[in-house]
Every structure is written in structure tokens, then in C-alpha cells.
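# An overview of the molecular structure
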Amino acid sequence: MNNKIKRFIFCSGIVFTLAACSNPPSRQNFDYSLSQGQLELAQKIALEEGVSSDVDIATELLWSLEAGTLLRMNSELDRSTKVFDTSETLIKENETQNLAASGFSQAASMVVNDNIMGYTPRVYDRVMVNTYKALNFWQQANFTDARVEWNRVDDRQRRAAEYFSKEINAQKSSVKSNNLGETYSGAMERLGDSGVDVAKWAPYDGYINPASLYLHGLYFLINNESAADLSKAKESLKRAYALTRSKQIRADLNLANGGRKVAPGVWIVFENGTATHKVERRIDLPLFLVTSRVVYTGIALPVLESGSPAYPYLSVNGGRQTESFANMDKIIQGEFKTEFTGILIKELTRAVLKTAAQASMRNSDNKTVRLLGALTGIAQAVTTQADIRSWHTLPYEFQVTYVKWPKDGQLQINPSGGAAIQVDLPATPQPVVVYVRALNANTVPQVNLLTSKNAI
Amino acid sequence: MMKILNKKTLLAAAVAFSLVGCAEQGAYYVDSKNDSVAVMGLDYKDFEMAATNMVDDMLSSDLLVHPQGGRYVLTVTGIVNDTNQRIDTDQLTKKIRTSLLNSGRFVVTTAINANGPEDEMTRKVRELRKSKMVNQKTVKKDGRVIAPDFSLTGKIIQQNQRVNSSTQQVEYYFQLTLTNLDDGLAYWEKEYPIIKRGDNRTASW
């Protein structure tokens, strides 16, 4: 084997090692299992990938979020809470990690792509971790710990608005300081041409998740222990109504204004479908970067593809229908929009660095350096990958409706176009939440009952 | 001397010492009286401080001195944990109960409580009345259990504030109320705040 071939094989090896895969096979198998309604198989994959097998401790954040959600759906609530608790520990590590300590992976990600770095939790991820834990505890009638998790949800939401105002300002100055103005606007134009309209990704005011806000309000309305709790309920319901203009939330606010005692009745909350997910969109860079001797130059960006509902709505006892009050897609899109500028800046900077290195090697008088230049071009092509990681088991939207306590203590829920589900309500009439989760039309909807503290 | 302490030896020694510095220290006892390490959440020092302060204040109240020099009977209804920490509020009430018992002015009933008795046995031992196995003379009689004079309730509240981009302030308020069950009046109330400031990068729990 001559030296050239050896060098070629060696360099190719490096290239493929560097090409951290943005959509690994485990993720593809996971998504396929979900789409087929095989929740136990999906749970097994998520646990294997992100949770230590013997003690249920999260080891890889994104997978542990998927595992915690599926354990919840499969009614393994203690395990779900434990996995989410340890996911929160990983989130905390991410939040407090020393920037200097992560310098190496930052630098490496500039050479390769963001997939070689650990998953950075989004703000909505953090809010939903605490929301799911609060719902787990509520379902177990552990009102003490549910209260703590709802308080955490509240604090996470407060921190969200703060975080984004800081982030947006930082990105504006980054475009200026990197002299990327022209390249940036050029790239945005290209994106527009390829059908990606960043402008339409608009957040809810203050980057609030109205679903978590409403459920927080509903919890303290139904389970209030004092006038202070009722004030919490009113505040959250008022804010949730301002964001969503939902008729049901308005009715609940009226109920909260009526006093602490809430008459027996059933709220049907429907967590519907699967959330928006990211896909990779590759675009050519504006021409000024391209030289005749460059093999490849381009960028790969994550863009959002809309999620989908499992059913249009649920009808209850042949009458009331659930109506959408919060759209997870809108929450994710709004947050992604603020990050998108940062992602684009980083990707442009990375492309400039890689292309400049490639061009200078290709222009060399030395044959070997020129060969390396060509290989660098291939490496650039292979390593240009968008970070499309996101929490796939989040819902597309949240719906709600309310019915008075049925005399026979029975509830029949009909997913539009699906099989009817019979729900036995508790023997003691009380305000309860029937919480329905359907990932898609292939999964049997999970139905859980959240009782009232005041009825026990 | 210089031969022994050549550059390489010095370098090796420096590396060795820096590695020793990195070694994990095993478990060690904390001197609770001189422990100045603070965490953003609630820890044992906070409970100790809150309980001591509350009890001192309660015992300084003239309203809580039994007129015949006897002891008041206290029931602990419960303390609501309205913080972001999953703490056991019994940690606080136990300290308070212990100090009040030691003061000689209160006894605590475990038989009567708003959420059911803390200790079911007071009721259960009376069910032994029909047991052939138990010496009936030793079975506790009805009409012996003492009703409480006072009820202790409370709440621990947490509020998080942002001081600046790098600092957050976490405020904890320990609130306790002692209600005279005879007339329903609050004979003693106290709020004890604990304020902490620290890193704003992460949540306080």
C-alpha cells in the first residue's frame, strides 16, 4: 500500500470519526416505536440510552427526559419522578458548569458540530420536567410534594423571561462584533427562499408556557389549603387567560373568584399528539466565501417541522368537547426563534473557519497539503450537521373541557374517530381532573385521575 | 543538594503535590457550631436557627404561662411546606416540640390531631378490653386522654428574587401560630425570615 493511500485512509478515518451523527439509529428506532404505539419498546430504548440500568439515575439528559415521560405514560410514577429528579441534577450541572471547563468541547464543536456537545436543556424542557413531576405527585395524591413542584414550575417560568431578554441582547451584539451583518442577512434570505419563515415563530408573551401556568392555577383552585393558595390560583388563571383567551380558563377564574370551596366536577385535560421536531436544512453560503479551489462550503441549520395532534378533540359523555388552550409547538417555536440567531451566527463562523482552512491548503504548492485540503473539504461536508436534538414525547397541544359531576359517577370519553373510553370516578363527589394523554392514533390514550386534597 | 533537587525532580514533586491536592477527601464531621458553609436551599442550620428563635420567643410570652404553674397541652396540626424544596417539616416541629417539652411548660399530645392522631396506639390499646390474653386491669380506661389546650400551625414560604444578572436572593419565611383551642384566639405568632444570596445561574433547589 503506498503512502498516499495510507494517508487517504487515515484522513478518511478521522473525517468519519468527526462526523458525530445528528440522528443516530437509536433515535430513529425510538421514533419508529412511538409512531407504532409501542410505548414499552420506546421506554426500553430511552432507558438504555439515558438512564443507568440498576438505580434509575439519569446519565444522558435528553434520553432521560424521554424515559421519564414514557415511565409516566406507562404508570410507573415513582420511577418517572426519580428519573426526572436526576434529569434535573443534570440540568443543574449544565446551568452551573464552568465556561472555561467546557472550553474544549466548545472549541471542538467549532471544528466539528454541536452534536459532539452534551444536550443543552431548553427553558421549556425545564418547565415541563417540573410540570410532569407535579402531575406525578398529584396523581399519587401526594399533595405535599406536588405543591413543591408547582412552586418550582412558577420559579422556572419567572426565570424564563429573564433568560430570554438577556439572550436576545447578547445575540444582537454578537452579530455586530463578529462582523457577520452581511453574511447573516444573506443566510436569512436563503432560508426564506427555501421556505423557512423564521418570523412566524412567535412566542407566548414573556416566554410563558400557558399549559403549565393553567395547570398550576387549576391545582391550587382544586386543592387550596388557605386563602393564600386561592390567590395563587387566581393569579395563574388570570395570566393564563390573558395569554390564551380560553373560555374554560375564564370560567375557572370566575370559580376562583367565588371562594375556596369548589363544587364537585370534572376537568378533562387532554395532552394531545407529539410536538414539533427539528429537521436539518442545508444551505449554500453567500458567494463571497466561495473560491474556485474550495470543495465544499455550506451550512446546516436546524429548522422546525410542525408537530401533529393524535385526535382533533375528545368529546365527553356525548356532549362537551375539549378545546385547545395551549400549543406546545408555539412554545417551542417561540423559544427556538430566540436561539436561532445564535445558532446561525455560530454556524456561519464555523463555516468561515473551515472554508478558510480548506482554501489555504488547496492553494498550497505542496501536493500532500493540497490532498489534505481536499480531504478537509470532504471533512467539512461530512461534519456540517445541524443539531436537531429535542424532546420528542412532548405533546403538540393541551386541550381542556369541564363537565358537572355525573350522577352515575361514570364518564365516557370519545376521541374523535377513536374507540370510547369508560372512566370510573371516585365514590366521593369532588373536583377532579381526568388527565388524558394520546401520542398518536396508534396508541391507546392513557387516562389518569387526579383527585382533590379537600375530598380526602 | 542541587543534584538531588534538579529541575526534573522539582517538576515531579510539583506534579505529585498537585495530584495530592486533587485527591478526594473522605467523609468528615462538620463542626455545627462553626460551620459557615451556606447552601441556597434550607439546611440543618436554618432549621436550628428558626426553631431556637421561635421557641425563645414563645417562652418569653406571658400569655403562655400556665396560671396554676402546670403544663399546657399542645397539638401540632402541621406546617405547610410552601417552598421549592422537598423538605420534611417535621424536622422543624420536632425541634420546637423538644424544646417546649424541655422548658417544662408544655406537653405534646400525639393522640389528637386535625389529620388523625400521630400515634394510633392511644386508641388501639383500648380495643384490648375484650382480649383474654391481656390483663384487663392494665388496659387503659376511657375518659383519660387529655384534650389539647393549644394548636401549633404554620407555614414555610419561599420567594425568589433576582438581585442582578449574576445574583439571586432567596427568601424563606418561617411562620408559626399558636391558637388557644378554648377561645380560638391566636395567643402567639411569629415570622422568622432567612435571606440568602447566591449564584443566579441555576434554580435554588
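Residues numbered from 1 in each chain as written. Chains lettered and ligands numbered in written order. Predicted model: local features only at pLDDT ≥ 70, side-chain atom pairs only at ≥ 80, totals over all residues. Heavy atoms only, no water.

Membership of the largest hydrophobic core comes to 57 residues, with the highest contact counts inside it found for A:Trp150 and A:Trp267. Counting residues in each nonpolar core, the second largest holds 30 residues, with B:Met54, B:Val55, B:Leu176 and B:Tyr192 among its members. (Core = buried A, V, L, I, M, F, W, Y, C linked by side-chain atoms within 4.5 Å. Buried < 20%, exposed > 50% of the residue type's maximum accessible area, 1.4 Å probe, protein only.)

Within a sheet, adjacent strands bond to each other through the backbone by hydrogen bonds, running parallel or antiparallel. Residue and element names in this part refer to chain A. Pairing in this open sheet of five strands is mixed, and the strands run 5-6-1-9-10 from one edge to the other. Where the open sheet ends on each side, the last strands, each with one partner, are strand 5 (323-327) and strand 10 (446-450). With direction set aside, neighbouring strand axes in the sheet form an average angle of 25 degrees. Two strands pair when backbone bridges link them, and strand 5 and strand 6 (residues 397-404) are joined in this way by four bridges, in the antiparallel orientation. Bridge pairing in strand 6 places Ala326 opposite Phe398. (Pairing = 2+ DSSP bridges. Helix = DSSP H or I, 4+ residues; strand = E, 2+ residues; numbered from the N terminus. Axes fitted to C-alpha atoms, helices over the stretch in contact; angles between N-to-C directions.)

The next subject is the interface of chain A and chain B. Taken together, the contact pairs 27 residues of chain A with 19 residues of chain B. With both chains or domains summed, chain A and chain B bury close to 1,900 Å², and 40% of this area falls on carbon and sulfur atoms. On inspection of chain A and its partner chain B, the count reaches five salt bridges. The closest approach of N and O atoms between A:Glu162 and B:Arg162, which form a salt bridge, is 3.3 Å. Between the two partners, chain A and chain B, sit 17 residue pairs in polar contact (both at pLDDT 80 or more). When residues of the side of chain A that touches chain B are traced back to their parent elements, those giving at least two are helix 5 (77-96), helix 7 (123-139), helix 8 (143-177) and helix 11 (227-244) of chain A. The biggest single contributor to the side of chain A that touches chain B is helix 8 of chain A, with 12 residues. (Contact = heavy atoms within 4.5 Å. Buried area = accessible area lost by both parts, 1.4 Å probe. Salt bridge = Lys/Arg side-chain N within 4 Å of Asp/Glu carboxyl O. Polar contact = N/O pair within 3.5 Å; in protein donor to acceptor, adjacent residues only side chain to side chain.)

So, about the layout of surface pockets. When its volume is computed, the second largest pocket comes out at roughly 760 Å³. What lines the second largest pocket is a set of 26 residues, among which B:Thr77, B:Gly78, B:Ile79, B:Thr89 and B:Asn115 lie closest to the centre. Elements with a minimum of two residues in the lining of the second largest pocket: helix 8 of chain A together with strand 1 (72-82), helix 3 (90-103) and strand 3 (150-164) of chain B. At six residues, the largest contribution of residues to the lining of the second largest pocket is made by strand 1 of chain B. Grouping the amino acids of the lining of the second largest pocket by side-chain chemistry returns five nonpolar, 12 polar and nine charged. (1 Å grid on protein atoms, 1.4 Å probe; cavity = no way out; pocket = protein on both sides within 12 Å on 5 of 7 lines; lining within 4 Å. Points joined across faces, edges and corners; volume = space filled by probe spheres on them. Nonpolar A, V, L, I, M, F, W, Y, C, P; charged D, E, K, R; others polar.)

All names here are of chain B. Taken together, the side chains of Tyr28, Val30 and Tyr44 make up a nonpolar region of the molecular surface, amounting to roughly 330 Å² of accessible area. For Val30, the location among the structural elements is in the loop between helix 1 (7-22) and helix 2 (44-59). Owing to a relative accessible area of 48%, Val30 belongs among the partly exposed residues under this scheme. (Patch = residues over 30% accessible without salt bridge, like charges linked within 9 Å, V, L, I, M, F, W, Y side chains within 5 Å. Areas by Shrake-Rupley, 256 points an atom, 1.4 Å probe, with all protein chains shown as cover.)

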